[in-house]
Amino acid sequence: MNLCGCSNGNTGSPADSASQAPDCGCRYPAPGPGLYLAIAAIPMQPWETPYDGQRALKQGTIFPSLDLPFYLTGGGGLHG
Amino acid sequence: MADRNSLLQEINETSFMVNDLTLYLDTHPEDLQALEAFTQAAAQRKQLLEAYARDFEPLTMNCVCPDCNNQSQSNTRYPGKKHFTWCDGPLPWDNQV
């Protein structure tokens, strides 16, 4: 079964995806070895002292515990 | 009179705070600390918007006040004349000011 629902039985490896029907790009990885579906369990967010306005806008969140490294650089105020 | 860009930057920062607090309060409507932070940030944002509208141009429709907007008479085609101040100020994408 492929996440995109097409009938091709490939395992999502590049070699397979190159050979299947032209209309199905199979861009989505297929569940298989090393790739399993999961259930997300998200705890209720606790209140915490927020960043000040300047830092919050630059970091993209007012909450320090949500300030995670998404590897996007740059950004900031009106003039960077 | 505050500098246009620094006041605008403050409005951006405060608006972001209000927005993020809104998202948090959506899921924590009884969090008193968050409510306090929201009340402060919303009041500050209102004050900043009114100050910007008084000195420059209204950013939101409820700040439009032909008698008290744009006292710096900047970026207006109707200096000294009573007019609809909503059309004053640089275009939002024109940040060469």
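Residues numbered from 1 in each chain as written. Chains lettered and ligands numbered in written order. Predicted model: local features only at pLDDT ≥ 70, side-chain atom pairs only at ≥ 80, totals over all residues. Heavy atoms only, no water.

Peer 1: Give a description of the packing of helix α1 (residues 4–27) of chain B against helix α2 (residues 32–55) of chain B that names residues and reports values.
Peer 2: Packed helices, taken two at a time, are described by their axes: the angle between them and the distance between them. All names here are of chain B. Relative to each other, α1 and α2 sit at 150°, their axes nearing to 9 Å. With respect to α2, the element α1 is oriented roughly antiparallel. Like other packed secondary-structure pairs, α1 and α2 cross with a definite hand, here left-handed. Classifying every residue of the contact of α1 with α2 gives 18 nonpolar, four polar and three charged. (Axes fitted to C-alpha atoms, helices over the stretch in contact; angles between N-to-C directions. Helix = DSSP H or I, 4+ residues; strand = E, 2+ residues; numbered from the N terminus. Parallel < 35°, antiparallel > 145°, perpendicular 65-115°, else oblique. Left-handed = near helix turned anticlockwise from the far one by under 90°. Nonpolar A, V, L, I, M, F, W, Y, C, P; charged D, E, K, R; others polar.)

Peer 1: Tell me about the side chain of Thr14 of chain B, and please be specific about residues and values.
Peer 2: Residues and elements named next belong to chain B. If you trace the backbone, Thr14 turns up in helix α1. The exposure class assigned to Thr14 is buried, which follows from its relative accessible area of 5%. For Thr14, the side chain forms a polar contact with the main-chain oxygen of Glu10, separated by 2.8 Å. If near-sequence neighbours (up to four positions away) are discounted, Thr14 is found in contact with Ala41, Gln44, Arg45 and Leu48. (Buried < 20%, exposed > 50% of the residue type's maximum accessible area, 1.4 Å probe, protein only. Polar contact = N/O pair within 3.5 Å; in protein donor to acceptor, adjacent residues only side chain to side chain. Contact = heavy atoms within 4.5 Å.)

Peer 1: I'd like a description of the state of the cysteines, backed by residues and values.
Peer 2: Residue and element names in this part refer to chain B. Tallied over the entire structure, the rule returns one disulfide over all chains. Each sulfur in the disulfide pair Cys65 and Cys68 lies 2.0 Å from the other. Sign of the S-S torsion, about 140° for the bond between Cys65 and Cys68, identifies this disulfide as right-handed. The exposure class of Cys65 is partly exposed, given its relative accessible area of 22%. Overall, the relative accessible area of 31% leaves Cys68 in the partly exposed class. The thiol sulfur of Cys63 is not disulfide-bonded, and the nearest other cysteine sulfur, from Cys68, lies at 9.2 Å. Judged by relative accessible area, which is 11%, Cys63 ranks as buried. (Disulfide = S-S within 2.5 Å.)

Peer 1: Account for α2 of chain B, naming residues and giving values.
Peer 2: All names here are of chain B. The end-to-end C-alpha distance of α2, which contains 24 residues, comes to 35 Å, matching closely the 34 Å that a straight helix rising 1.5 Å per residue would cover. Within α2, burial applies to Ala34, Ala37, Ala41, Leu48, Leu49, Ala51, Tyr52, Ala53 and Asp55. Packed against the buried residues of α2 are α1. Put simply, Asp31 is the residue that caps the front of α2, since its side-chain oxygen is 3.1 Å from the backbone nitrogen of Gln33. (Expected span 1.5 Å × (residues − 1).)

Peer 1: Hey, could you go over a nonpolar patch on the surface for me, with residue numbers and the actual values?
Peer 2: A grouping of Met61, Phe84 and Trp86 of chain B is seen on the molecular surface, where their side chains present a nonpolar patch of about 320 Å² in accessible area. Mapped onto the secondary structure, Trp86 of chain B falls in the segment after α2. (Patch = residues over 30% accessible without salt bridge, like charges linked within 9 Å, V, L, I, M, F, W, Y side chains within 5 Å. Areas by Shrake-Rupley, 256 points an atom, 1.4 Å probe, with all protein chains shown as cover. Salt bridge = Lys/Arg side-chain N within 4 Å of Asp/Glu carboxyl O.)

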